[in-house]
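# Examining the three-dimensional arrangement
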Amino acid sequence: MATELQLDTVRFSDSGAAEMDEHRPAIFIPRAQITRIEVEYGSGAERPAVVVVLGLALIAVAIGSVVLLALAGMKGGVRVPAALITGVAFTLPGWWLLDLGLRRRLFIRVHTQNGDARKLVFHKVRDRESVDVFLQSVRQRFGYS
């Protein structure tokens, strides 16, 4: 009998639950700490408000850099600091954080003994029925409620 079940990036095994990043766990919760698991649909971020604020801050830095670059260009001949140019690069992580905080996704919420809850996010699976079947298999195999 297999000692693990995995759907997309979410893996359950005899040792616990994990959200996988390729072949290594990005998040791991030991089996002894898990009290309950359930499927939910919502933000994939552990703390969505914090992630959205950080994403907005990074995008604001990027927009500010573009505005300052435009103003420097209009003055003509003004030397542009490299920091302004690299500030535009904050657009990518800002956009990623906004996507993580705002876009709704399927995930498994894992409740632990100390009252905390962690999210194990499905990155490619969009079908609720396949997640429900997976969760039922996990409950049967590993005895979670």
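Report follows, based on the coordinates.

The rules behind the values
- Residues numbered from 1 in each chain as written.
- Predicted model: local features only at pLDDT ≥ 70, side-chain atom pairs only at ≥ 80, totals over all residues.
- Heavy atoms only, no water.
- Core = buried A, V, L, I, M, F, W, Y, C linked by side-chain atoms within 4.5 Å.
- Buried < 20%, exposed > 50% of the residue type's maximum accessible area, 1.4 Å probe, protein only.
- Helix = DSSP H or I, 4+ residues; strand = E, 2+ residues; numbered from the N terminus.
- Contact = heavy atoms within 4.5 Å.
- Pairing = 2+ DSSP bridges.
- Axes fitted to C-alpha atoms, helices over the stretch in contact; angles between N-to-C directions.
- Salt bridge = Lys/Arg side-chain N within 4 Å of Asp/Glu carboxyl O.
- Expected span 1.5 Å × (residues − 1).
- Arc of directions from axis to C-beta.

The next thing to look at is the nonpolar core. Grouped together as the largest cluster of nonpolar side chains are 22 residues, with contacts concentrated most on Phe-12, Ile-37, Ile-108, Leu-120, Phe-122, Phe-134 and Val-138. Residue assignment for this core shows that the elements contributing at least two residues are strand E1 (4–7), strand E2 (10–13), strand E4 (24–30), strand E5 (34–43), strand E6 (104–112) and helix H4 (128–142). Broken down by element, this core gets its largest block of residues, five residues, from H4. Filtering out sequence-adjacent residues up to four positions away, Phe-12 remains in contact with Thr-3, Glu-4, Leu-5, Ala-17, Ile-37, Ile-108, Leu-120, Phe-134, Val-138, Phe-142 and Tyr-144.

An order of E5-E6-E7 is seen for the three strands of this open sheet, with the pairing classed as antiparallel. Looking at the sheet topology across the chains shown, the edges are occupied by E5 and strand E7 (117–121). Pairwise comparison of adjacent strand axes, ignoring direction, gives a mean angle of 30° for this sheet. As paired elements, E6 and E7 share five bridges and run antiparallel to each other. Bridge pairing in E7 links Arg-109 to Lys-119. With respect to the sheet, H4 is in contact with E5 and E6, its orientation differing from that of E5 by roughly 175°.

Moving on to the pattern of salt bridges. Charged atoms that come close allow side chains of opposite charge to pair. On inspection of all chains with the given rule, the structure shows nine salt bridges. Between Arg-36 and Glu-38 there is a salt bridge whose closest N-O contact spans 3.2 Å. The exposure class assigned to Arg-36 is partly exposed, which follows from its relative accessible area of 37%. Classification of Glu-38 by relative accessible area gives partly exposed; the value is 22%.

We now examine helix H3 (residues 91–102). Its 12 residues place the ends of H3 16 Å apart at the C-alpha level, agreeing with the 16 Å of an ideal helix rising 1.5 Å per residue. All of the buried residues along H3 are Gly-94, Leu-97, Leu-98, Leu-100 and Gly-101. Each buried residue of H3 lies within a common arc of 165° when the element is viewed along its axis, so the set occupies one face. Of the exposed residues in H3, those oriented more than 90 degrees away from the buried face are Leu-92, Trp-95 and Trp-96. Packed against the buried residues of H3 are E5, helix H1 (48–75) and E6.

Taken by themselves, the reported measurements are silent on function.
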